[in-house]
Amino acid sequence: MTTTTLTRRPARARTPGTTGAPAARARRKRLLHWIAVHAVAIAAALFFVLPFVFVFLTSVMSDDQAMSGELWPHEWNWSNYATVFTTPGFLDWWKNSLLYAGLGTLFTVCSAIPAAYALARFRFRGRRTAMILVISTMMLPPQVVVIPMYLVWAQQLHLTGSIWPLIVPMAFGDAYSIFLLRQFLLTIPQEYVESAKVDGCGELRTLLRIIIPMARPGIAAIALFQFFYCWNDYFGPQIYTAQNPAAWTLSYGLESFKSAHSVNWNLTMAATVLVMAPVILVFFFAQKAFVEGVTLTGVKG
């Protein structure tokens, strides 16, 4: 009887790191594939982001280093922002911009909702003509009516030198906001309105209880559009507030600040960051509602 002896080969010693090599190669391959697929998007993002990064980095540089060709600050001079805030008039410009943008947005939304609801849901004679007039108003440049409007505010109402000629007209509707919100309201099914009327709701109650809650994305979109317009408006403050520095807004006062600190680029960039910051923050916090309101806006006639 023969006995077969099985010899076991000794296990091969694993070198450290060999087990993770395939996983590392797979991750590297996925990363390169992702970069290749999104190359255009990455380039576009860098194209838009890098100017903001440059402005921010310059705003925390010293006077000697700003615009010297160096891109990274030697020391982070956060005191530049304090210097800008303590500049005479800058805090007043900030308050005026908040008042202009806040009240202007509120008045625009409150005036656009009933007008858009009427154009979207009511059937009356001249409805199409009214819609054509709204669209025609969108095509009319503001420079066409600036002279007669200025004469009214200056000679009859005596409100030039303040921001009220910019705020008060927004209480009477904005053509673009009415058009955009009307298109959004057309996407709301008519069955909801009919169900509310069956339950005994009138037009006003239907608007407040049914339409407005369902139209929040559209309302958020027009509110953001109007806020951005008011905050960045330069033409209006130049016309109505030029003779009164206490009524200037940030967009108009920044030009004066730049002229006074033409050699201090770090302070100019710090002031620019302070002007841009509220718009960027508002957009990032409300971008979900903004995108939803724009994408859901229909094109029904």
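A quick note: this is a predicted structure, and the numbers were derived from the prediction, not measured. (Residues numbered from 1 in each chain as written. Predicted model: local features only at pLDDT ≥ 70, side-chain atom pairs only at ≥ 80, totals over all residues. Heavy atoms only, no water.)

1. Considerations on the overall build of the protein chain
Now for step 1: When helices and strands are counted, the protein chain shows 14 helices and zero strands.
Now for step 2: Counted from the first residue to the last, the protein chain has its helices and strands arranged as α-α-α-α-α-α-α-α-α-α-α-α-α-α.
Now for step 3: For the protein chain, with 301 residues in total, the buried portion stands at 36%.
Now for step 4: If you take every contact in the protein chain between residues at least 6 apart in sequence, the share linking residues at least 24 apart comes to 72%. (Helix = DSSP H or I, 4+ residues; strand = E, 2+ residues; numbered from the N terminus. Buried < 20%, exposed > 50% of the residue type's maximum accessible area, 1.4 Å probe, protein only. Contact = heavy atoms within 4.5 Å.)

2. Points about the nonpolar core
Now for step 1: Residues Val84, Phe90, Tyr100, Trp231 and Leu250 are the most contacted members of the largest nonpolar core, which totals 32 residues.
Now for step 2: If one sorts the elements of this core by residue count, helix H14 (residues 265-295) sits on top with eight residues.
Now for step 3: Not counting the four nearest positions on each side in its chain, Tyr100 is found in contact with Ile163, Leu166, Ile167, Met170, Tyr229, Cys230, Asp233 and Thr249.
Now for step 4: Val134, Phe184, Leu186 and Ala215 belong to the second-largest nonpolar core, a separate cluster that totals 25 residues. (Core = buried A, V, L, I, M, F, W, Y, C linked by side-chain atoms within 4.5 Å.)

3. Focus: the environment of Ile211
Now for step 1: Among the secondary structure elements, Ile211 is positioned in helix H10 (residues 203-214).
Now for step 2: Considered as a pair, Ile211 and Tyr192 are 19 residues apart in the sequence and their alpha carbons are 8.5 Å apart.
Now for step 3: Not counting residues up to four positions away in its chain, the partners in contact with Ile211 are Tyr117, Leu185, Ile188, Val193 and Thr206.

4. Some points on helix H2 (residues 39-59)
Now for step 1: Here H2 is 21 residues long and its end C-alpha atoms lie 30 Å apart, about the 30 Å a rise of 1.5 Å per residue gives.
Now for step 2: By the burial criterion, the buried members of H2 are Val55, Leu57, Thr58 and Ser59. (Expected span 1.5 Å × (residues − 1).)

5. What about unusual backbone geometry?
Now for step 1: Of note, the phi angle at His158 is positive, near 55°, even though the residue is not glycine.
Now for step 2: Positionally, His158 belongs in the loop between helix H6 (142-156) and helix H7 (164-167).
Now for step 3: Under the relative-accessibility criterion, His158 is labelled exposed at 58%.

6. As for a nonpolar patch on the surface
Now for step 1: A cluster of nonpolar side chains, Leu46, Phe47, Phe48, Val49, Leu50 and Val53, forms an exposed patch at the surface whose accessible area comes to about 610 Å².
Now for step 2: The topology assignment puts Phe48 in helix H2.
Now for step 3: Judged by relative accessible area, which is 55%, Phe48 ranks as exposed. (Patch = residues over 30% accessible without salt bridge, like charges linked within 9 Å, V, L, I, M, F, W, Y side chains within 5 Å. Areas by Shrake-Rupley, 256 points an atom, 1.4 Å probe, with all protein chains shown as cover. Salt bridge = Lys/Arg side-chain N within 4 Å of Asp/Glu carboxyl O.)

7. Some points on helix H8 (residues 175-185)
Now for step 1: Among the eleven residues that make up H8, nine are buried, leaving the element largely enclosed by the rest of the structure.
Now for step 2: Turning to H8, its buried residues number three or more, namely Ala175, Ser177, Ile178, Leu180, Leu181, Arg182, Gln183, Phe184 and Leu185.

8. Quick word on the side chain of Ser97
Now for step 1: Take Ser97: it is sitting in helix H4 (residues 90-121).
Now for step 2: On the basis of relative accessible area, Ser97 is assigned to the buried category, the value being 1%.
Now for step 3: For Ser97, the side chain forms a polar contact with the main-chain nitrogen of Leu250, separated by 2.7 Å.
Now for step 4: With residues up to four places along the chain from it excluded, the contact list for Ser97 reads Trp231, Thr249 and Leu250. (Polar contact = N/O pair within 3.5 Å; in protein donor to acceptor, adjacent residues only side chain to side chain.)

9. Some points on the packing of H10 against helix H11 (residues 216-232)
Now for step 1: Look at H10 against H11: their axes get within 4 Å of each other, and the N-to-C directions meet at 70°. In terms of axis orientation, H10 runs roughly perpendicular to H11. Each of Ile212, Pro213 and Met214 in H10 lies in contact with H11, whose residues at this interface are Arg216, Pro217 and Ile219.
Now for step 2: Taken together, the residues of the contact of H10 with H11 break down into five nonpolar, no polar and one charged. (Axes fitted to C-alpha atoms, helices over the stretch in contact; angles between N-to-C directions. Parallel < 35°, antiparallel > 145°, perpendicular 65-115°, else oblique. Nonpolar A, V, L, I, M, F, W, Y, C, P; charged D, E, K, R; others polar.)

10. A word on a positive patch on the surface
Now for step 1: Positive charge collects at one region of the surface, where Arg25, Arg27, Arg28 and Arg30 lie side by side.
Now for step 2: By the element assignment, Arg27 lies in helix H1 (residues 20-37). (Lys, Arg positive; Asp, Glu negative; His and termini not counted. Charge placed at Lys NZ, Arg CZ, Asp CG, Glu CD.)

11. Observations regarding the confidence of the model for the protein chain
Now for step 1: Per-residue pLDDT for the protein chain averages 83, and the proportion of residues at 70 or more is 89%.
Now for step 2: At the level of individual helices and strands, the protein chain shows its lowest average pLDDT in H14, which scores 79, and its highest in H7, which scores 93.
Now for step 3: Of the regions scoring below 50 in pLDDT, residues 1-6 engages in zero contacts with residues more than four places distant in sequence or in other chains. (pLDDT = per-residue confidence, 0-100.)

12. Brief notes about the packing of aromatic side chains
Now for step 1: Applying the stated criterion across every chain yields a total of 19 aromatic pairs.
Now for step 2: With a centroid separation of 5.5 Å and an interplanar angle of 85°, the aromatic rings of Phe47 and Phe48 are classed as edge-to-face. Across the pair, Phe48 and Phe47 agree in class, each one exposed.
Now for step 3: The structure contains a cluster of three or more aromatic residues connected by ring pairs, namely Phe85, Phe90, Trp93, Trp94, Phe227, Phe228, Trp231, Tyr234, Trp248, Tyr252 and Phe257. (Phe/Tyr/Trp six-rings, centres within 6.5 Å; stacked < 30°, edge-to-face > 60°.)

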